[in-house]
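One letter stands for each residue in the lines below.
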Amino acid sequence: MEGSITTSIEKHLAIITFAHPAHNSLPGHLLAELALQIKNAGESAEVQVIVLNSEGDRTFCAGASFDELMAIKNSEDGKKFFLGFANVINAIRKCPKLVIGRVQGKAIGGGVGIVAATDYCLATKYASIKLSELALGIGPFVVGPAIERKIGLSAFSQLAINATEWQTADWAKSKGLYHEVFDSTNQLDIYLDQFYQKLLSSSPAALYALKQMLWHDTQHWDELLDERAGISGRLVITEAAQEAIKMARIA
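To keep things clear, this report deals only with the structure shown in the data block. (Residues numbered from 1 in each chain as written. Predicted model: local features only at pLDDT ≥ 70, side-chain atom pairs only at ≥ 80, totals over all residues. Heavy atoms only, no water.)

1. Thoughts on the environment of Gly-28
Okay, so step 1: Here Gly-28 is to be found in helix α1 (residues 28-43).
Okay, so step 2: The class of Gly-28 is partly exposed, set by a relative accessible area of 23%.
Okay, so step 3: Sequence separation between Gly-28 and Leu-69 is 41 residues, and the spatial gap between their C-alpha atoms is 10.0 Å.
Okay, so step 4: When neighbours within four sequence positions are excluded, Gly-28 is seen to be in contact with Glu-68 and Phe-81. (Helix = DSSP H or I, 4+ residues; strand = E, 2+ residues; numbered from the N terminus. Buried < 20%, exposed > 50% of the residue type's maximum accessible area, 1.4 Å probe, protein only. Contact = heavy atoms within 4.5 Å.)

2. Focus: the sheet that holds strand β8 (residues 129-130)
Okay, so step 1: With parallel pairing, three strands are arranged side by side in an open sheet as β4-β6-β8. Single-partner strands in this sheet number two, and they are β4 (59-61) and β8.
Okay, so step 2: Across two bridges, the pairing between strand β6 (residues 106-108) and β8 is parallel. Across the sheet, the residue bridging to Ala-107 is Ile-129, located in β8.
Okay, so step 3: On the sheet, helix α4 (residues 110-117) packs against β4, β6 and β8 and is oriented at approximately 105 degrees with respect to β6. (Pairing = 2+ DSSP bridges. Axes fitted to C-alpha atoms, helices over the stretch in contact; angles between N-to-C directions.)

3. A short note on the nonpolar core
Okay, so step 1: Counting 66 residues, the largest nonpolar core has Leu-34, Ile-129, Ile-147, Leu-177 and Tyr-178 as the members making the most contacts within it.
Okay, so step 2: Take this core: its biggest share by element is eight residues, from helix α3 (residues 75-94).
Okay, so step 3: Contact partners of Ile-147, with chain neighbours within four places excluded, come to Val-112, Gly-113, Ala-116, Leu-131, Gly-152, Phe-156 and Leu-159.
Okay, so step 4: Judged by nonpolar contacts, the second largest core, of 14 residues, contains Leu-13, Val-49, Val-51 and Leu-122. (Core = buried A, V, L, I, M, F, W, Y, C linked by side-chain atoms within 4.5 Å.)

4. Observations regarding the pairing of strand β1 (residues 4-10)
Okay, so step 1: The pairing of β1 with strand β2 (residues 13-19) spans seven bridges and is classified as antiparallel. Its bridge partner lying in β2, Ser-4 is registered against Ala-19.
Okay, so step 2: Hairpin remark: β1 followed by β2, antiparallel, with two residues in the connecting loop; positive phi at Lys-11, about 55 degrees.

5. Some thoughts on a nonpolar patch on the surface
Okay, so step 1: A grouping of Leu-210, Met-213 and Leu-214 is seen on the molecular surface, where their side chains present a nonpolar patch of about 260 Å² in accessible area.
Okay, so step 2: The residue Leu-210 is located in helix α9 (residues 204-214) in this model. (Patch = residues over 30% accessible without salt bridge, like charges linked within 9 Å, V, L, I, M, F, W, Y side chains within 5 Å. Areas by Shrake-Rupley, 256 points an atom, 1.4 Å probe, with all protein chains shown as cover. Salt bridge = Lys/Arg side-chain N within 4 Å of Asp/Glu carboxyl O.)

6. Section: the layout of surface pockets
Okay, so step 1: For the largest pocket, the calculated volume is near 720 Å³.
Okay, so step 2: Around the largest pocket, the lining comprises 37 residues; the ones closest to its centre are Ala-62, Ala-64, Phe-66, Ile-108 and Ser-132.
Okay, so step 3: Among the secondary structure elements, those contributing two or more residues to the lining of the largest pocket are α2 (66-71), α3, β6 and α11 (239-250).
Okay, so step 4: Here the second largest pocket defines a volume of roughly 260 Å³.
Okay, so step 5: Around the second largest pocket, the lining comprises 18 residues; the ones closest to its centre are Lys-39, Asn-87, Asn-90, Ala-91 and Lys-94.
Okay, so step 6: For the lining of the second largest pocket, the secondary-structure elements that each account for two or more residues are α1, α3 and α10 (221-236).
Okay, so step 7: Among the elements that take part in the lining of the second largest pocket, α1 stands out by supplying eight residues, more than any other.
Okay, so step 8: In terms of residue class, the lining of the second largest pocket is built from 10 nonpolar, three polar and five charged. (1 Å grid on protein atoms, 1.4 Å probe; cavity = no way out; pocket = protein on both sides within 12 Å on 5 of 7 lines; lining within 4 Å. Points joined across faces, edges and corners; volume = space filled by probe spheres on them. Nonpolar A, V, L, I, M, F, W, Y, C, P; charged D, E, K, R; others polar.)

Limitation: the analysis is restricted to geometry and does not speak to function.
In structure tokens, the structure reads:
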């Protein structure tokens, strides 16, 4: 049960940090805890704004845990695993507070989906992205709605189909995934500090209304992401997927 999720609250700001020694990958227990802590921060009267980030320097999130993917033996367990990412995305969507992403490094697969779900996202130039799912014999089904909503169908199609190619942070900014890109983590953090201070001085009621407006027409996502998790759950147990995941894990 490696890894951790921590939340610190100070002066109406909640900072939620996830960490895992395997490049901040997210096994099921961390996904469940991350969704819970986002929900709790959103319900807290002490919190007006949430910052979501990860530990380390050059990797924000490596996505799903290869070890856990290889251990899946039936479609029901597969669906359960992928619902972990669905639950995190839905926790951010339903959260009544704005969730600001701090992306210091690379995001892969499910990590890109979490980035896309944040309401505003700041990154460094090292925060390149890749949707590797198709190369693993599955596909970005669960994270797809969040990513497509943020960057559009064409850009999402590029990421989903060209599954072995990295896209730069500047590319991600040009498509709307990132709102600002900085040369260093230090520059990002200086800007982030100024940015959330401005948000904290805003009307909580106005921030809540803005959040609701940003996520209009997504009320069906509980059912949609459940259906998408079922697709991934069925594909991940195929021989082609298990062999591709095994080779990727070795690499």
